[in-house]
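# Residue-level structure breakdown
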Amino acid sequence: MSFLSRAVFDYRKGMMDALMDREGYEALAFTSPYFFQFATNFHLDVQGWERPVAAIVPRHGEPFMLMCELSTSHLRFAEERQQLWCSDITFYAEHPRVTNRTWLVGQWADMAASVLKDKGLHRARIGCDVIGPMAKPAGLLPGLTVETALKPMREMRLVKHPEELALMRQAADFSDWIQDRYLENIRPGRVVQELDASMAALAYEEAAKRFPGSHLE
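Attention here is on the structure that accompanies the text. (Residues numbered from 1 in each chain as written. Predicted model: local features only at pLDDT ≥ 70, side-chain atom pairs only at ≥ 80, totals over all residues. Heavy atoms only, no water.)

### Focus on the overall build of the protein chain
Counting its secondary structure elements, the protein chain contains eight helices and six strands. Listing each helix as α and each strand as β along the protein chain from the N terminus yields α-β-α-β-β-α-β-α-β-α-β-α-α-α. For the protein chain, the C-alpha atoms occupy an extent of roughly 65 × 45 × 30 Å along the three principal directions. Put simply, the protein chain has 217 residues, and 39% of those count as buried. For the protein chain, the share of sequence-separated contacts (at least 6 apart) that also reach a separation of at least 24 residues comes to 60%. Of the roughly 12200 Å² of accessible surface on the protein chain, 54% is carried by carbon and sulfur atoms. Treating the 25 positive side-chain charges of the protein chain as one cloud and the 29 negative ones as another, the clouds have centres 3 Å apart. (Helix = DSSP H or I, 4+ residues; strand = E, 2+ residues; numbered from the N terminus. Buried < 20%, exposed > 50% of the residue type's maximum accessible area, 1.4 Å probe, protein only. Contact = heavy atoms within 4.5 Å. Areas by Shrake-Rupley, 256 points an atom, 1.4 Å probe, with all protein chains shown as cover. Lys, Arg positive; Asp, Glu negative; His and termini not counted. Charge placed at Lys NZ, Arg CZ, Asp CG, Glu CD.)

### Some thoughts on helix H5 (residues 132–140)
By the burial criterion, the buried members of H5 are Pro-133, Met-134, Pro-137 and Ala-138. Buried residues of H5, seen end-on, are gathered within an arc of 125° and therefore sit on one face of the element. Of the residues in H5, the exposed ones pointing more than 90 degrees away from the buried face are Lys-136 and Gly-139. As for H5, its buried residues are in contact with strand E1 (27–30), strand E2 (54–58), helix H4 (108–118), strand E5 (125–128) and strand E6 (145–148). (Arc of directions from axis to C-beta.)

### Topic: unusual backbone geometry
Despite not being glycine, Asn-41 has its phi angle at roughly 70°, a positive value. We note that Gln-82 has phi near 55°; this positive angle belongs to a residue other than glycine.

### Observations concerning the packing of H4 against H5
Orientation of H4 relative to H5, taken along the N-to-C sense of each, is 65°, at an axis distance of 8 Å. Considered as vectors, H4 and H5 are oriented roughly perpendicular to each other. In this structure, the crossing between H4 and H5 has a hand that is right-handed. Residue-level contacts link Trp-108, Ala-109, Asp-110, Ala-112, Ala-113 and Leu-116 of H4 to Pro-133, Met-134, Lys-136, Pro-137 and Leu-140 of H5. In terms of residue class, the contact of H4 with H5 is made up of nine nonpolar, no polar and two charged. (Axes fitted to C-alpha atoms, helices over the stretch in contact; angles between N-to-C directions. Parallel < 35°, antiparallel > 145°, perpendicular 65-115°, else oblique. Left-handed = near helix turned anticlockwise from the far one by under 90°. Nonpolar A, V, L, I, M, F, W, Y, C, P; charged D, E, K, R; others polar.)

### Concerning the sheet that holds strand E3 (residues 64–68)
The sheet built from six strands is open, its strands ordered E4-E3-E2-E1-E5-E6 with mixed pairing. One side of each edge strand has no neighbouring strand; the edge strands of this open sheet are strand E4 (89–92) and E6. Direction aside, the axes of adjacent strands within the sheet are offset by 20° on average. Across three bridges, E2 lies against E3 in antiparallel orientation. Its bridge partner lying in E3, Ala-54 is registered against Leu-66. Across the sheet, H4 touches E2, E3, E4 and E5, and the angle it forms with E3 is around 160°. Helix-sheet contacts for helix H6 (residues 150–157) involve E1, E5 and E6, and the interaxial angle to E1 is about 80°. (Pairing = 2+ DSSP bridges.)

### Examining helix H7 (residues 162–185)
With 24 residues, H7 extends 35 Å between its outermost C-alpha atoms, agreeing within 8% with the 34 Å of an ideal straight helix rising 1.5 Å per residue. Burial in H7 covers these residues: Glu-164, Phe-174, Ile-178 and Arg-181. Buried residues belonging to H7 abut helix H1 (6–23) and helix H8 (192–210). (Expected span 1.5 Å × (residues − 1).)

### Describing the packing of aromatic side chains
Per the stated rule, a full pass over the model turns up five aromatic pairs. With centroids separated by 6.3 Å and ring planes inclined at 40°, the aromatic side chains of Phe-30 and Phe-38 adopt a geometry described as tilted. Exposure class is identical for Phe-30 and Phe-38. Each is buried. For the ring pair Phe-174 and Trp-177, a centre distance of 6.5 Å and an interplane angle of 10° mean the geometry is stacked. In this pair, Phe-174 and Trp-177 are both assigned in helix H7, three residues apart and thus about one turn of the helix distant. Take Phe-174: its relative accessible area is 6%, and that puts it in the buried class. Over the ring of Phe-35 we find Arg-157, and its NZ or CZ is 4.7 Å from the ring centre. (Phe/Tyr/Trp six-rings, centres within 6.5 Å; stacked < 30°, edge-to-face > 60°. Lys NZ or Arg CZ within 6 Å of the ring centre and 35° of its normal.)

Written out as structure tokens, the structure reads:
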């Protein structure tokens with residue numbers, strides 16, 4: 001059960017480019033967990049409502065990410081697995097630093113506005129899945145326009161690459177196997193939490209056999 005390859009990003013980027021051309025956007029911003037993963041191949045490990053993030057995919061140029069420093073280790077692991085589709089990352093810190101000072105979580109809007117300006121997108125028209133995290137940066141950049149593009153962006157997520165379909169079939173087959181183990185092990189009087197924990201242990205054991213060396217969540 002491997003992570004999706006770069007070929008999937010290229011396929012999705014083609015859909016993103018078509019959307020941007022059709023709607024006249026210079027970039028798309030992905031700020032909520034599922035959309036963020038769709039654009040980056042990274043399973044977000046912080047809550048976006050308290051630690052904002054954004055993956056920006058320009059029509060022309062390389063994608064970039066704005067992220068919390070709490071994701072540093074998981075991002076390094078993802079890079080080592082050659083999983084990430086984006087290597088241009090700007091972090092903000094949780095707490096003030098004495099040395100190596102950087103942006104703080106309370107400076108999200110200023111950081112986003114600064115990076116967008118550096119990337120030449122300060123006068124752009126950007127489509128977003130959720131405007132929330134991008135609203136304040138837009139307020140700091142009078143020439144920037146952010147618009148909700150949730151419907152067409154959601155429609156993109158429904159279109160699957162052959163790699164995704166193969167992975168989904170593997171996951172479905174694996175899920176069927178676990179459900180069969182439940183039928184074999186359930187009985188009157190057994191504590192539900194204990195049964196679930198036992199089935200989870202069986203699932204990890206079976207996953208190690210089916211997908212050796214892979215990461216299962």
